[in-house]
Amino acid sequence: MGDKNNKRKRLDHTSTENFGSKKNKRDVSEKKNEKKKIEKKLVEKNDEKKNGEKKNALPRRPNADQENQNGCRSHSSSNRLGVFLHSCDLVLELNNSAKQNSSKQKNKKNTFLYTKYFPDDDDDYAVMDIIYPSGQREKFALASSPKFEYDPIDELFRFVETFIFYFIDNGVKKDDEVDEHSDPKSHTDVQKRFTYSKSGLRNQNSIYRNLRSSIRTKRKDRFIEAIKGFNCQMDYLVQNNDLDPFLKDRKPEGCLLEFILEQIYARCCSETDLPNITKAKSFSDATYGELRFALVEEMIQEAGINGNSIFVDLGCGIGNVVIHVNARVGCDSYGVELNEARHEIADRQINEYKGRMTLWGLDQTGTVEVMKADFLNCDYVVRLLRKADVVLTNNYAFASSTNEALTRLFLEMKEGAKIISLKDFRTGANRNGPESILKVAKYSYPPDRNYVSWTNADGCYFVSTVRHN
């Protein structure tokens, strides 16, 4: 029996043995027919893509390393895994930049350098690790600068504060509202671990209060003790998977999302970058202005953007809103920006965003990319608009000719698609013009809420719905 099995293994097409020859021939012919059917289906699918017959297919974006005839170029990081920048590395970069600038100005004292925050430190500032919900660590420089806006000590404290508010208090309770004598069974495991343990965040000698006190009094020993206590508690939660209900299949919102976006912005757009991105003629198409967190949150709600939407930001600047929308709802989010300096920072921000989401233990879903192009003269943008569900354009300072050209572009959009703008596209002069397809709703925002970067006054924005019929 063993010899017979061995003999079967040695059979080939030159063998005089014809064991199962009819069956083998039938199998071969069946496999050939199946292969032909598969090849035929593949050819049909390729033809559908070429002819644009596939209903849900997004337009192919230009090659990342080349510009097409219309000057349309995508950034190269949309498919890369993000890598976050440590706080201490950002401080080092800013210090190096300050040193270079001071070398050009002779006999002037350099007041921009980061120096030690705690008086009892050595000549140079110290560096400390902090554990994130993913279990990864970020290094923070215990330093401060009288000139640079970025404050690593303040960010480290706000990291602890945000974690407590979002994960422990669940966005409801404040520090002085926690009742330590309430029934622990009514709280989650995370809350019990922090609130009721002796070294927890919320008892009388809590980590949070010790950290706040040590920063105010500049007591390094108490500061280090508080951070070590926080890391110990965080490590326990990570090891026991207690944070999974807050992280799995959930998108960041509220104070957590706002803090993550601020972390990204601080690492990618410092004071040294601002002159390059804001340099433009006042009240021109290239004028730079940012929509703040509160306003973008309102726009997401009013336009009904969700995880199945396709969002496009025309003139997206450094990509703030593109990232915000993707992080908030997880939809495909695209930006178009012509300015080279702004596009480069948008590229850095997307890379940092992906790294930050991993650091926080959050899932980044959907496409997020910013391409360098003139949105009025790019075939890819036209194809993208045909699939878009929501389009944003900050046309507050656009010339009338640019707004008119945009309304002609909107003719390409599908029925029911929405356009968010800072100015109404309807001029009232031509009722039969391209703007006649827009059904417009006006929304106002109050003053003193920091909704936009260029003013603290009240204002309004518009959500237009495309109605071809």
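As shown above, the structure is provided for reference.
Since the structure is predicted, the reported quantities are computational estimates derived from the model, not experimental observations. (Residues numbered from 1 in each chain as written. Predicted model: local features only at pLDDT ≥ 70, side-chain atom pairs only at ≥ 80, totals over all residues. Heavy atoms only, no water.)

## Thoughts on the overall build of the protein
Counting its secondary structure elements, the protein contains 15 helices and 12 strands. Out of the 469 residues in the protein, the part that is buried amounts to 43%. For the protein, restricting intrachain contacts to residue pairs at least 6 apart in sequence, the fraction spanning at least 24 positions comes to 71%. A total accessible area of about 26,100 Å² is found for the protein, and carbon and sulfur atoms account for 45% of it. (Helix = DSSP H or I, 4+ residues; strand = E, 2+ residues; numbered from the N terminus. Buried < 20%, exposed > 50% of the residue type's maximum accessible area, 1.4 Å probe, protein only. Contact = heavy atoms within 4.5 Å. Areas by Shrake-Rupley, 256 points an atom, 1.4 Å probe, with all protein chains shown as cover.)

## Side note on the packing of aromatic side chains
Under the counting rule described, the total for this entry stands at 18 aromatic pairs. Ring centres of phenylalanine 259 and tryptophan 360 lie 6.3 Å apart, and the angle between their planes is 85 degrees; on these two criteria the pair is classed as edge-to-face. Placement of the pair is phenylalanine 259 in helix α9 (residues 254-268) and tryptophan 360 in the loop between α13 (340-359) and β8 (368-372), with a sequence separation of 101 residues. For phenylalanine 259, a relative accessible area of 2% corresponds to the buried category. Tryptophan 360 sits in the buried class, given a relative accessible area of 0%. Look at tyrosine 443 and tyrosine 461: their rings are 5.4 Å apart centre to centre, the planes differ by 20 degrees, and that puts the pair in the stacked class. Here tyrosine 461 lies in strand β12 (residues 459-466) and tyrosine 443 lies in strand β11 (residues 438-445), a separation of 18 residues in the sequence. Relative accessible area serves as the criterion here: at 24%, tyrosine 443 is assigned to the partly exposed category. Residue classification places tyrosine 461 among the buried residues on the basis of a relative accessible area of 0%. Each member of the aromatic cluster is reached from another via a ring pair, and the members are Tyr132, Phe159, Phe163, Tyr166, Phe167, Phe230, Phe246, Phe259 and Trp360. (Phe/Tyr/Trp six-rings, centres within 6.5 Å; stacked < 30°, edge-to-face > 60°.)

## Some details on the pattern of salt bridges
All chains considered together, the criterion is met by 16 salt bridges. Here lysine 372 and glutamate 340 are joined by a salt bridge, their closest N and O atoms 3.9 Å apart. Residue lysine 372 is found in strand β8, and its partner glutamate 340 is found in helix α13; the two are separated by 32 residues along the sequence. With relative accessibility at 12%, the residue lysine 372 sits in the buried group. Assessed through its relative accessible area of 33%, glutamate 340 is described here as partly exposed. (Salt bridge = Lys/Arg side-chain N within 4 Å of Asp/Glu carboxyl O.)

## Details of helix α7 (residues 220-239)
Compared with an ideal rise of 1.5 Å per residue, which puts 20 residues at 28 Å, α7 spans 28 Å between its outermost C-alpha atoms and is within 8% of the ideal. Among the residues of α7, those classed as buried are Lys220, Phe223, Ala226, Ile227, Phe230, Asn231, Gln233, Met234, Leu237 and Val238. Projected down its long axis, α7 shows its buried positions confined to an angular sector of 170 degrees, all on one face. Along α7, exposed side chains directed more than 90 degrees from the buried face belong to Glu225, Lys228, Cys232 and Gln239. Just past α7, the residue asparagine 241 takes up positive phi, approximately 55 degrees. (Expected span 1.5 Å × (residues − 1). Arc of directions from axis to C-beta.)

## Quick notes on unusual backbone geometry
Leave glycine aside and you will find that most residues have negative phi; peptide bonds, for their part, are mostly trans. Phi at lysine 218 is positive, roughly 60 degrees, even though this residue is not glycine. Along the chain, lysine 218 turns up in the loop between α6 (207-217) and α7. Judged by relative accessible area, lysine 218 falls into the partly exposed class, the value being 38%. Positive phi outside glycine occurs at asparagine 241, with the angle close to 55 degrees.

## Notes on helix α12 (residues 320-329)
Where burial is concerned, most of α12 is hidden: 9 out of the 10 residues are buried. Within α12, the full set of buried residues consists of Asn320, Val321, Val322, Ile323, His324, Val325, Asn326, Ala327 and Val329. Glycine 330 sits one or two residues past α12 and shows a positive phi near 80 degrees.

Nothing here speaks to function; it is geometry throughout.
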